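Commentary on secondary and tertiary structure
Spelled out, the chains give:
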Amino acid sequence: MLLTIPITLSLAPVQVAPLPQLQEVTTVQLRVTADEAHKDLALTLERRLSDRLLQDGHRVVPEGAGAKATVVVLVHLDDAGARVETRGIGRRIETVADGDPEVVALEVQQLTTFLVDEAEHEAGHRDATGAPRSIAVHLDGGPSLEPELLARLQVGLLDRGFALTRRPVADDLRLCVGFADEAWRIDVVGGTESCTESDRGPRPATLDFGGAQLPDGVLLDGELLDRASAVLGRTTRDSTEPAPPQDSEPGPELTPVVPLTETDQSEEKQDPKKSLSVTLTAAGVFVARAGGVDGGAGVRLRFGQSHGVGGAIEVGVVPAFSGAVRVVETTPAASVDWRIGVGERGWVSLGVFGGVHVHQYFPRDADGARGQRLGPRYGGAVRVALQRRRGLVVFGGAKAGVSGGGWFHVRDGRTVWRRSRVFVGLQAGLGWDFAVRGRR
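About the criteria used
- Residues numbered from 1 in each chain as written.
- Predicted model: local features only at pLDDT ≥ 70, side-chain atom pairs only at ≥ 80, totals over all residues.
- Heavy atoms only, no water.
- Helix = DSSP H or I, 4+ residues; strand = E, 2+ residues; numbered from the N terminus.
- Buried < 20%, exposed > 50% of the residue type's maximum accessible area, 1.4 Å probe, protein only.
- Contact = heavy atoms within 4.5 Å.
- Salt bridge = Lys/Arg side-chain N within 4 Å of Asp/Glu carboxyl O.
- Pairing = 2+ DSSP bridges.
- Expected span 1.5 Å × (residues − 1).
- Axes fitted to C-alpha atoms, helices over the stretch in contact; angles between N-to-C directions.
- Patch = residues over 30% accessible without salt bridge, like charges linked within 9 Å, V, L, I, M, F, W, Y side chains within 5 Å.
- Areas by Shrake-Rupley, 256 points an atom, 1.4 Å probe, with all protein chains shown as cover.
- Core = buried A, V, L, I, M, F, W, Y, C linked by side-chain atoms within 4.5 Å.
- Polar contact = N/O pair within 3.5 Å; in protein donor to acceptor, adjacent residues only side chain to side chain.
- Phe/Tyr/Trp six-rings, centres within 6.5 Å; stacked < 30°, edge-to-face > 60°.
- Lys NZ or Arg CZ within 6 Å of the ring centre and 35° of its normal.

A count of helical and extended segments in the protein gives 6 helices and 21 strands. Out of the 440 residues in the protein, the part that is buried amounts to 45%. Restricting the contact set of the protein to residue pairs at least 6 apart, pairs at least 24 apart contribute 65%.

Printed below as a string of structure tokens:
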């Protein structure tokens, strides 16, 4: 059962100098899900990830917001660990193994920062190209607003469809909330204006409600949140009305939250299976034939579906020495395989291959003959692999088939080297799987 956790922001306001209007920024939509056993870790991780994204200067929009995000970050926690996926121009999926909750949370934060920066670089800061984007709210509580109350207000604003930022520009809004003169006051000013009354002109929107300190739980009852939302809603509606010629152009309108449907969620689970990847591997091999067992090495380059059909080219080199002759066999081949996913990180592939067996032999004395022979090579293969972090692949496998011509070498009337055409091979190695990014 998946538990969707709402975004929770930092408990204390961070004062950051406003950026110029044309500053390049990235809009991030964050969603953290978890099974029942990891919901507490998900709550902690959601707060920390949101806080880090805002500190890094990104704009955070509500889950499912209609405003187009530059990067969508999806994090899921379960018994296997954490799965972090970023979706921008391309798609990237990384995993963190289960372990100590603090270590997992730290690794996920670092990994998310890296992946968002990577997606931001690929997107080329699409938000700075002039396309409309949602108004974001900078919540400025000052010293009079307790951190817990501030956190509840931030969560409530996100739940009601307001994007947040800590680096507002002129088109954004600054929500000033404070308690003074025995009354709570909510002001909404321009994103680059100050909450200090002496530092700015007339307030575009205010809401005062008197009384002593609000009782505990007032945010849970919705009174303060309702009034803050009302002020923000009235301000954004006013900003979209036709303005007189001397006024500046209105800012873009806030887009309401549109929750993800079950169909969207099922597509998110299926899409990784349909993605493309390039896999480069190197392996040590042992080849058993009638006449002896020989060791060697091989490399393979595969392109195709991460889980599905793919094609590959490969080459192996197997030196097979004896006392009187030195043999080096090279086996270039092409193959087709089908990958079947196993869990979140593993896969099994079944394939067939065909190519050429190049048999070269060299005498160990000056009188012997040297030469080269060619033969066909074909058969089937199976591989079992586990994909680790950063695309690292650890695998093992087996091959069987026909290779060569059943050649043998004779010196002084006796056979000094012989191998059969039928072979069985074992291999184990490492590699890297690179996701191929394309237009979604």
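Turning our eyes to something else, we now look at the pattern of salt bridges. This structure, assessed with the given rule, holds 16 salt bridges. We note a salt bridge from Arg83 to Glu85, for which the minimum N-O separation is 3.3 Å. A relative accessible area of 1% places Glu85 in the buried class. For Glu85, the salt bridge is made with Arg87, and the minimal N-O distance between the two is 3.1 Å. A residue is classified by how much of its surface remains accessible, and Arg87, at 10% relative accessible area, is buried. Each member of the salt-bridge network shares a partner with another, and the members are Arg300, Arg302, Glu314, Asp337, Arg383 and Lys399.

This paragraph deals with the pairing of strand β6 (residues 91–97). Taken across its 7 residues, β6 has 5 buried, putting it largely inside the fold. In this structure, strand β5 (residues 81–87) lies alongside β6, joined through 7 bridges in antiparallel fashion. Note on β6: the bridge partner recorded for Glu85 is Ile93. A loop of 3 residues connects β5 with β6, the two strands running antiparallel in sequence.

Structurally, the α-helix is built with 3.6 residues per turn, so residues lying three or four positions apart point the same way. A rise of 1.5 Å per residue sets the reference length of helix α1 (residues 39–55), with its 17 residues, at 24 Å; its end C-alpha atoms lie 24 Å apart and thus fit the reference within 8%. Taken as a whole, α1 has its buried residues at Leu41, Ala42, Leu45, Glu46, Leu49, Ser50, Asp51, Leu53 and Leu54. One or two positions beyond α1, positive phi appears at Gly57, with a value near 95°.

What the 8 strands build is a closed barrel, ordered β12-β13-β14-β15-β16-β17-β18-β21; its pairing is antiparallel. Mean inter-strand twist for the sheet, computed between neighbouring axes without regard to direction, equals 25°. In terms of strand pairing, strand β14 (residues 309–321) meets strand β15 (residues 325–342) through 13 bridges, oriented antiparallel. Paired with Ala312 across the strands is Ser335, a residue of β15.

Attention shifts here to a nonpolar patch on the surface. Taken together, the side chains of Val309, Val336, Trp338, Ile340, Leu350, Val352 and Val382 make up a nonpolar region of the molecular surface, amounting to roughly 610 Å² of accessible area. Contributing elements (two or more residues each) for the nonpolar patch: β15 and β16 (346–363). When you line up the elements, Val352 lands in strand β16. On the basis of relative accessibility, which here comes to 53%, the residue Val352 falls in the exposed class.

Looking now at the nonpolar core. Ranked by size, the top nonpolar core spans 25 residues in total, and within it Leu45, Leu49, Val73, Val75, Leu77 and Val108 carry the most contacts. Considering every element that reaches this core, the biggest residue donor is helix α2 (residues 101–123), with 7 residues. Discounting chain neighbours no more than four positions away, the residues touching Val108 are Leu45, Leu49, Val75, Ala82, Val84 and Val96. By size, the runner-up hydrophobic cluster in this structure holds 19 residues, among which are Leu149, Leu175, Ile186 and Leu232.

What follows deals with the side chain of Ser403. Tracing the backbone through its elements, the reader meets Ser403 in strand β18 (residues 392–403). Owing to a relative accessible area of 4%, Ser403 belongs among the buried residues under this scheme. A polar contact is formed between the side chain of Ser403 and the side chain of Arg377, at a distance of 3.0 Å. Apart from the residues lying within four places of it in its own chain, the contact partners of Ser403 are Thr331, His357, Pro376, Arg377, Ser420, Arg421 and Phe423.

On to the pairing of strand β21 (residues 422–435), then. Note: strand β12 (residues 276–289) against β21, 13 bridges, orientation antiparallel. Following the sheet pairing, Val285 is matched in β21 by Gln427. Judged from the 11 bridges that link them, β18 and β21 form a sheet pairing that is antiparallel. In the strand pairing of β21, Gly397 is matched with Gln427.

A full pass over the atoms with the stated rule returns 0 aromatic pairs. The ring of Trp347 has Arg339 lying over it, and the distance from NZ or CZ to the ring centre is 3.8 Å. Residue placement shows Arg418 over the ring face of Phe408; its charged tip is 4.6 Å from the ring centre.

We now examine the side chain of Lys399. In this fold, Lys399 is placed in strand β18. On the accessibility criterion, Lys399 (11% relative accessible area) is buried. Of the polar contacts made by the side chain of Lys399, one reaches the side chain of Glu314; its length is 2.2 Å. Setting aside residues up to four positions removed in sequence, Lys399 forms contacts with Glu314, Phe353, Arg377, Gly380, Ala381, Arg383, Phe423, Val424, Gly425 and Gln427.

What follows concerns the environment of Leu224. Secondary-structure assignment places Leu224 in helix α5 (residues 223–239). Look at Leu224 and you get buried, because its relative accessible area is 1%. Taking the C-alpha atoms as reference points, Leu224 and Leu149, separated by 75 residues in sequence, lie 9.8 Å from one another.

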